[in-house]
Amino acid sequence: MPNTDFKRRMNERLDRWYKNADPQEDPKRQQRRRYIAGLVNKTSMFNYARRLELPLPERFAEAEGLEALDFAALPERVVIKPNNGADNDGVLLFDCAREVFTGDPVAIADRAAYTRQRYDAGSFLQPSSKIIAEEFLQDFDPAFTVPRDFKVYVAGGRPWVIQVVNRQGPKAEWSHRYYNQDWVPYDHFQRENKLAPVIDRPPHFEELIALSARIAQDIKCFMRLDFYITAQRVVFGEFTSYPNAGLQFTPVGSNVLCDLMDRYPDPF
């Protein structure tokens, strides 16, 4: 699929936010840009979310490196991930003696060695990477072993578009569907995953919208906010400033998101 205007804008954001192109003349606005850009780091995000008293998964540990993580002290169900990863790189979901994404059998006593083997095979860890161990949440629908992502695109202090991602099974089978803020579904918004069937408005939807608006009003820029929904509550996951690197959005998706960026330009 050819590049869209949204892809071009995401490339420009990458240059401005992370490569220091076209810095703001006002030092305070430039400092704010750097702060907001840095929230994609899960350590920075955690500190931000604690300050705003956002609901988060329970954090069991944040270690300076894999060797510093005390695997023996972790519960049977736990998520292991780097604090500066993207695109699910390095995310391991341990449920008793199994890694859920792969289905690999992993005895609890073998988790440290298994994680090291998986991380050594990847290229996503950096010298500055910290390793996080946190709560393995359960989707509000127990049929979903991997909790679905509810990703909310915000701009101008409001939520506008919600993407629901289903990561059950092999990656080739992952699916998603986009909805507007009134839960009206789009057909073809982005082609990264298969198009999922339309689902009913989820429980705690008003809470999802309220939390999204609260964060959006604080950051005051275009951003994707990633959440989970359990049977009891909505849980904040992370910030995404460069969603899917702008790739595979259809003309409809590109037009909707570019329109938001035009109507509500970033204040920094």
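It should be noted that the structure appears before, not after, this text.
Cut-offs used in this document
Residues numbered from 1 in each chain as written. Predicted model: local features only at pLDDT ≥ 70, side-chain atom pairs only at ≥ 80, totals over all residues. Heavy atoms only, no water. Helix = DSSP H or I, 4+ residues; strand = E, 2+ residues; numbered from the N terminus. Buried < 20%, exposed > 50% of the residue type's maximum accessible area, 1.4 Å probe, protein only. Disulfide = S-S within 2.5 Å. Axes fitted to C-alpha atoms, helices over the stretch in contact; angles between N-to-C directions. Parallel < 35°, antiparallel > 145°, perpendicular 65-115°, else oblique. Contact = heavy atoms within 4.5 Å. Nonpolar A, V, L, I, M, F, W, Y, C, P; charged D, E, K, R; others polar.

*Asks:* Help me understand unusual backbone geometry, please; the structure alone is not making it clear to me.
*Replies:* Comment: phi is negative for the bulk of residues other than glycine, and the bulk of peptide bonds are trans. The phi torsion at Cys 96 lies on the positive side, around 55°, for a residue other than glycine. Position of Cys 96 among the secondary structure elements: in the loop between strand E3 (92-95) and strand E4 (98-99). The partly exposed category is assigned to Cys 96, whose relative accessible area is 31%. Even without being a glycine, Gln 248 presents a positive backbone phi close to 65°. Looking at where Gln 248 falls in the secondary structure, it is placed in the loop between strand E11 (234-240) and helix H6 (251-263). With a relative accessible area of 38%, Gln 248 lands in the partly exposed category.

*Asks:* Help me understand the state of the cysteines, please; the structure alone is not making it clear to me.
*Replies:* Each disulfide is one covalent bond, formed between the sulfur atoms of two cysteines. Under the criterion given, the structure shown has 0 disulfides. Here Cys 221 stays unpaired: no disulfide links it, and the sulfur of Cys 258, its closest cysteine neighbor, is 16 Å away. Using a relative accessible area of 1% as the deciding quantity, one classes Cys 221 as buried.

*Asks:* Is there a simple way to explain the packing of helix H1 (residues 5-18) against helix H2 (residues 27-37) in this structure?
*Replies:* Each pair of packed helices can be summarised by the angle the axes make with each other and by the distance between the axes. Packing of H1 against H2 brings their axes to within 9 Å, and their N-to-C directions diverge by 110°. As judged from the angle between their axes, H1 and H2 are roughly perpendicular. Between H1 and H2, the contacting residues are Arg 16, Trp 17 and Tyr 18 on the first element and Arg 33, Ile 36 and Ala 37 on the second. Considered class by class, the residues forming the contact of H1 with H2 number 4 nonpolar, no polar and 2 charged.

*Asks:* Would you explain the environment of Phe 189 in this entry?
*Replies:* Within the fold, Phe 189 resides in the loop between strand E8 (175-180) and strand E9 (194-195). Along the chain, Phe 189 and Val 235 lie 46 residues apart, while their C-alpha atoms are 25 Å from each other. Residue contacts for Phe 189: discarding those within four places in its chain leaves Val 161, Tyr 178, Phe 249, Thr 250, Gly 253, Val 256 and Leu 257.

*Asks:* Any chance you could explain the side chain of Arg 13 here in plain terms?
*Replies:* Within the secondary structure layout, Arg 13 lies in helix H1. A relative accessible area of 0% places Arg 13 in the buried class.

The quantities given are spatial measurements derived from coordinates; they are silent on function.
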